[in-house]
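Listed below, chain by chain, are the residues.
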Amino acid sequence: MTNTDENRTEIVSTLDELIAILEDGKLGYTNAAEHIENSAIKSDFIQYARERALFIVELQDEINRLGKSTDTAGGGVLSTLHRAWIDFKSTFTSGDTEAIVNACITGEEAAIEKYEEALKKEELQASQKALLTKQLSSIKAILMKLNLNN
């Protein structure tokens, strides 16, 4: 598919939405790591936050390749509420591992839903779909691991 201005705008919008949810995930995992006492899970959460940062850079690079600016400030309303929910749960559960992991599971499920919606967009090029599929696979693997820890 060719990159008309309309297609580019749609692709950038789609990637921006994914960047927002990735930013929320990065911040959510960073926050969760600060509140959790289990050192192994804390280490995993720090790694997940780093991976989200890498995914953000990959998507920003793709937007830049399309000739658009990547002036994104992380997070949509729904995801901001998710971060606030992690804050709330961790504050009132004194770092309760199960509550924090459950909040992270909720965030991963939301991310998977957004990625699956994005992958249905006809405007995306094959290379973009491959990148999103790779990222989605990683998110699904993390969700499986979170569910095992729960």
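What you see is a predicted model, and the numbers here were worked out from it, not measured in a lab.

S.K.: Got a minute to help me understand the overall build of the protein chain in this structure?
M.R.: On a plain count of helices and strands, the protein chain comes out with five helices and zero strands. Helices and strands appear in the protein chain in the N-to-C order α-α-α-α-α.

S.K.: Would you mind going over the packing of aromatic side chains with me for this structure?
M.R.: Two aromatic rings, taken as a pair, are described by how far apart their centres are and by the angle between their planes. For the coordinates displayed, the defined rule picks out three aromatic pairs. Between Y29 and Y48, the ring centres sit 5.2 Å apart and the planes meet at 70°, which makes this aromatic pair edge-to-face. Of this pair, Y29 sits in helix α1 (residues 5-35) while Y48 sits in helix α2 (residues 39-65); the two residues are 19 residues apart in sequence, bridging distant segments of the chain. Accessibility expressed as a relative area gives 7% for Y48, which makes it buried. Ring plane angle 50° and centroid distance 6.3 Å describe the contact between F45 and Y48, whose orientation is recorded as tilted. Residue F45 and its partner Y48 are both found in helix α2; the two are separated by three residues, about one turn of the helix. Note on accessibility: F45 and Y48 belong to one class, buried.

S.K.: Looking at this structure, how should I read the pattern of salt bridges?
M.R.: Opposite charge on two side chains allows them to pair when their charged atoms are near. Evaluated as defined, the whole model comprises nine salt bridges. Here E51 makes a salt bridge to R52, at a shortest N to O gap of 3.3 Å. R52 carries the same exposure label as E51, and that label is buried. We note a salt bridge from R52 to E108, for which the minimum N-O separation is 2.4 Å. Remark: E108 occurs in helix α4 (residues 97-119) and R52 occurs in helix α2; sequence separation between them is 56 residues. Grouping residues by exposure puts R52 and E108 together as buried. One network of salt bridges, with partners in common, ties together E51, R52 and E108.

S.K.: Please explain the packing of α1 against α4 as it appears in this structure.
M.R.: Two measures define how a pair of helices packs: the angle their axes make with one another and the distance between the axes. Contact geometry for α1 and α4: axes closest at 10 Å, N-to-C directions at 170°. Here α1 is positioned roughly antiparallel relative to α4, judged by the angle of their axes. Where α1 approaches α4, its residues T14, L18, I21, L22, Y29, A32 and H35 are matched on the opposing element by I100, C104, E108, A110, A111, K114, Y115 and A118.

S.K.: I keep staring at the environment of L18 and nothing clicks. Help me out?
M.R.: One can find L18 in helix α1. Residues L18 and I112 lie 94 residues apart in sequence; the distance between their C-alpha atoms is 10.0 Å. Apart from residues lying up to four places away in sequence, L18 is in contact with L59, K114, Y115, A118 and L132.

S.K.: Explain the packing of α1 against α2 here, please?
M.R.: Between α1 and α2, whose axes approach to 8 Å, the crossing angle comes to 160°. Comparing the axis directions of α1 and α2 gives the class roughly antiparallel. In terms of crossing hand, the pair formed by α1 and α2 is left-handed. Of the residues belonging to the contact of α1 with α2, the class tally is 17 nonpolar, three polar and seven charged.

S.K.: Any chance you could explain the environment of T97 here in plain terms?
M.R.: Its location among the elements puts T97 in helix α4. Residue classification places T97 among the partly exposed positions, given a relative accessible area of 24%. Once the C-alpha coordinates of T97 and N38 are considered, the two residues, 59 residues apart in sequence, prove to be 7.4 Å apart. Apart from residues no more than four positions distant in its own chain, T97 is found in contact with I36, N38 and I41.

Cut-offs and rules
- Residues numbered from 1 in each chain as written.
- Predicted model: local features only at pLDDT ≥ 70, side-chain atom pairs only at ≥ 80, totals over all residues.
- Heavy atoms only, no water.
- Helix = DSSP H or I, 4+ residues; strand = E, 2+ residues; numbered from the N terminus.
- Phe/Tyr/Trp six-rings, centres within 6.5 Å; stacked < 30°, edge-to-face > 60°.
- Buried < 20%, exposed > 50% of the residue type's maximum accessible area, 1.4 Å probe, protein only.
- Salt bridge = Lys/Arg side-chain N within 4 Å of Asp/Glu carboxyl O.
- Axes fitted to C-alpha atoms, helices over the stretch in contact; angles between N-to-C directions.
- Parallel < 35°, antiparallel > 145°, perpendicular 65-115°, else oblique.
- Contact = heavy atoms within 4.5 Å.
- Left-handed = near helix turned anticlockwise from the far one by under 90°.
- Nonpolar A, V, L, I, M, F, W, Y, C, P; charged D, E, K, R; others polar.

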